Amino acid sequence: NLLDSLLQDSAANIKVCVVDNASPDNSLAVLAAKIDQPPFREFCQLVPASKNGGFSAGNNVILQYFLSEDSHNTDFVWLLNPDTEVKPGALDAMLACMATEPDAGICGSQLLAVDGQQHVSAFRFHSLMTEALSAIRLGKLSALFPESNLVRPVTGNQPVKTDWVPGASMLIKTALLREVGLFDENYFLYFEETDFCLAAHRAGWSCWLVPESQVMHIEGQSTG
């Protein structure tokens, strides 16, 4: 479904690489059959990983490919979870934000549930205060420290500068990757995108949530 949804986006000059993280079932055969059909065979490539190293390792397989000398003209890499479906214009909206904000190195999409409800898609970096407020779960106390809440409120359709965005849909400048490096493979699943955005922040890059870039995310499909 994700591959089908990519056909709706108006952005040109994209190459799609699907990494299979050593699935123990018939996923590789199903993906190979899909990608062998037109029009996917024209712009898609299936990359089998030798082992399931988790989210970071799976993404790094393809990030290393795009950073190789053979692919040096790649300006952006768009990471997408397999359980996502892209809404029309999602990529264009993030590219427009990148063009407007010179120090933008990462853009994230507004993630949606299957029923269209918005998932929280912009966050602040974790701190003792964010964890304390999350643990206490008192709305009145959280209202007294709005800048210490983990969730970054987003209203309207304009891009919002934030600390980190979920890795389910994350557009990254290759210039940032060359400076900061890849995902930390010590994280198997969860918090790897937080760590990556923190490294980018420390290197002087900014991160943005782009509300007009909408991507449906069927959460929990990889973990049950």
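Above this text you will find the structure in question.
It should be emphasised that the depicted structure is a prediction, and the values quoted were computed from it without experimental measurement.

(A) Highlighting the overall build of the protein. For the protein, the count of helices and strands is 9 helices and 8 strands. Within the span of the protein, comprising 224 residues, buried residues form 43% of the whole. The contacts in the protein between residues at least 6 apart in sequence include a share of 78% that link residues at least 24 apart. Surface accessibility of the protein: about 12100 Å² in total, with carbon and sulfur atoms responsible for 52%.

(B) View of the nonpolar core. Membership of the largest hydrophobic core comes to 26 residues, with the highest contact counts inside it found for I106, M170, I172, F183 and F196. Mapped by element, the contributors of at least two residues to this core are α4 (54-66), β3 (76-80), β7 (169-173), α8 (174-180), α9 (192-202) and β8 (206-217). Looking at this core element by element, the count peaks at 4 residues for α4. Excluding residues within four positions of it along the chain, F183 makes contact with F55, S56, N59, N60, L63, L79, M170, I172, E192, E193 and F196.

(C) Structural context of unusual backbone geometry. A cis amide bond, omega 5°, links P38 with the succeeding residue P39. Inspection of the secondary structure puts P39 in the loop between α2 (27-35) and α3 (40-43). In this structure, A22 is a non-glycine residue whose phi angle is positive, near 50°. Looking at the element boundaries, A22 is found in the loop between β1 (16-20) and α2.

(D) Quick look at the packing of aromatic side chains. Overall, the coordinates contain 5 aromatic pairs when judged by the stated rule. Chaining the aromatic ring pairs together yields one cluster made of F55, F183 and F196.

(E) Structural view of the pattern of salt bridges. Applying the stated criterion across every chain, the model contains 1 salt bridge. D4 serves as the salt-bridge partner of K34, at 2.8 Å between the closest nitrogen and oxygen. Here K34, found in helix α2, pairs with D4, found in helix α1 (residues 2-6); they are 30 residues apart in sequence, far enough to count as distant. Take D4: its relative accessible area is 31%, and that puts it in the partly exposed class.

Calculation rules
- Residues numbered from 1 in each chain as written.
- Predicted model: local features only at pLDDT ≥ 70, side-chain atom pairs only at ≥ 80, totals over all residues.
- Heavy atoms only, no water.
- Helix = DSSP H or I, 4+ residues; strand = E, 2+ residues; numbered from the N terminus.
- Buried < 20%, exposed > 50% of the residue type's maximum accessible area, 1.4 Å probe, protein only.
- Contact = heavy atoms within 4.5 Å.
- Areas by Shrake-Rupley, 256 points an atom, 1.4 Å probe, with all protein chains shown as cover.
- Core = buried A, V, L, I, M, F, W, Y, C linked by side-chain atoms within 4.5 Å.
- Phe/Tyr/Trp six-rings, centres within 6.5 Å; stacked < 30°, edge-to-face > 60°.
- Salt bridge = Lys/Arg side-chain N within 4 Å of Asp/Glu carboxyl O.

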